[in-house]
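Spelled out, the chains give:
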Amino acid sequence: MKPDLSPCSNAALRQAMRRLGQLYDDALAPSGLRATQHGLLATIEALGTPTMGAVAERLVMDLSGLGHTLKPLARDGFILLVPDAQDRRARRVTLTELGRTKLAETTRLWRGAQDRFEATFGTERAAELRSVLRLLASQDFHDAFVAGRPLAENAD
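Residues numbered from 1 in each chain as written. Predicted model: local features only at pLDDT ≥ 70, side-chain atom pairs only at ≥ 80, totals over all residues. Heavy atoms only, no water.

**Digging into helix α2 (residues 35–47)**
The condition is simple: Going along the chain from the N terminus, every DSSP run of H or I of four or more residues is numbered as a helix, and every run of E of two or more is numbered as a strand. Expected helix span is computed as 1.5 Å times (number of residues minus one). The classification of residues rests on relative accessible area computed with a 1.4 Å probe and restricted to protein chains. Under 20% of the type maximum is buried, over 50% is exposed, and intermediate values are partly exposed. Residues are treated as being in contact if the distance between any of their heavy atoms lies within 4.5 Å.
Between its terminal C-alpha atoms α2 stretches 18 Å, which fits the 18 Å expected from 13 residues at 1.5 Å a residue. All of the buried residues in α2 are Ala35, Gln37, His38, Leu40, Leu41, Thr43 and Ile44. At its buried positions, α2 is contacted by α1 (9–28), α3 (52–59), α4 (63–75), β1 (79–83), β2 (91–95) and α5 (97–121). Looking one or two residues beyond α2, the residue adopting positive phi is Gly48, at roughly 90°.

**Some words on the pattern of salt bridges**
Put simply, the test is: The working definition used for a salt bridge is a side-chain nitrogen of Lys or Arg within 4 Å of a carboxyl oxygen of Asp or Glu.
One pass over the structure, following the stated rule, counts 9 salt bridges. One salt bridge connects Asp25 with Arg34, and the closest N-O pair in it is separated by 2.9 Å. Here Asp115 ties to Arg111 by a salt bridge, and the two come within 2.9 Å at their closest N and O atoms. Of this pair, Asp115 and Arg111 both sit in helix α5, 4 residues apart, which is roughly one turn of the helix. Look at Arg111 and you get partly exposed, because its relative accessible area is 39%. A network of salt bridges, in which partner residues are shared, links Glu45, Glu97 and Arg100.

**Here we look at unusual backbone geometry**
Backbone geometry places Val60, a non-glycine residue, at a positive phi of 55°. Following the sequence through the fold, Val60 ends up in the loop between α3 and α4. Val60 sits in the exposed class, given a relative accessible area of 59%.

**Quick word on the packing of aromatic side chains**
For the record, the criterion: For Phe, Tyr and Trp, where Trp contributes only its six-membered ring, two rings pair if their centres lie within 6.5 Å, and the inter-plane angle classes them as stacked under 30 degrees, edge-to-face over 60, or tilted in between. When the NZ atom of lysine or the CZ atom of arginine is within 6 Å of a ring's centre and also within 35 degrees of its normal, the charge is said to sit over that ring.
A full pass over the atoms with the stated rule returns 2 aromatic pairs. Judged by centre distance (6.1 Å) and plane angle (35°), the rings of Phe141 and Phe145 are tilted. Taken as a pair, Phe141 and Phe145 lie in helix α7 (residues 139–147) at a separation of 4 residues, close to a single helical turn. A relative accessible area of 26% places Phe141 in the partly exposed class. Across the ring face of Phe121, the terminal group of Arg125 is positioned such that the distance to the ring centre comes to 4.1 Å.

Structure below.
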């Protein structure tokens, strides 16, 4: 395989994302869900009964993209979308019992993929990678990029 000599950081990240996505999707295939769907269920579980806006913000997604991604999970009974009690314009996302059961199943499969990733890539390198990726996903990085200024060294 010829190395990609492109200096584009975006292209390199997308290639890596597709490769890892394929590996994690393969690991989760017995559950019938994709790794992105597992991530959504895990995020909803971690946030409690979040608004769609809170989920979108956590995942760095726009609301329309999130709504499209949630449809199959709602259709299959893993989540419910309900109007917020205080603001009827907002919708909250909650896991159903079926969703909690599916999350437990996919978490076992995800854990196997995660353990294989760390064994292959190295635990310390994996932690460093996650730290860099969190920084790239941060609002601080976004703001510095848009402003065309260097990122503060201690931003995390």
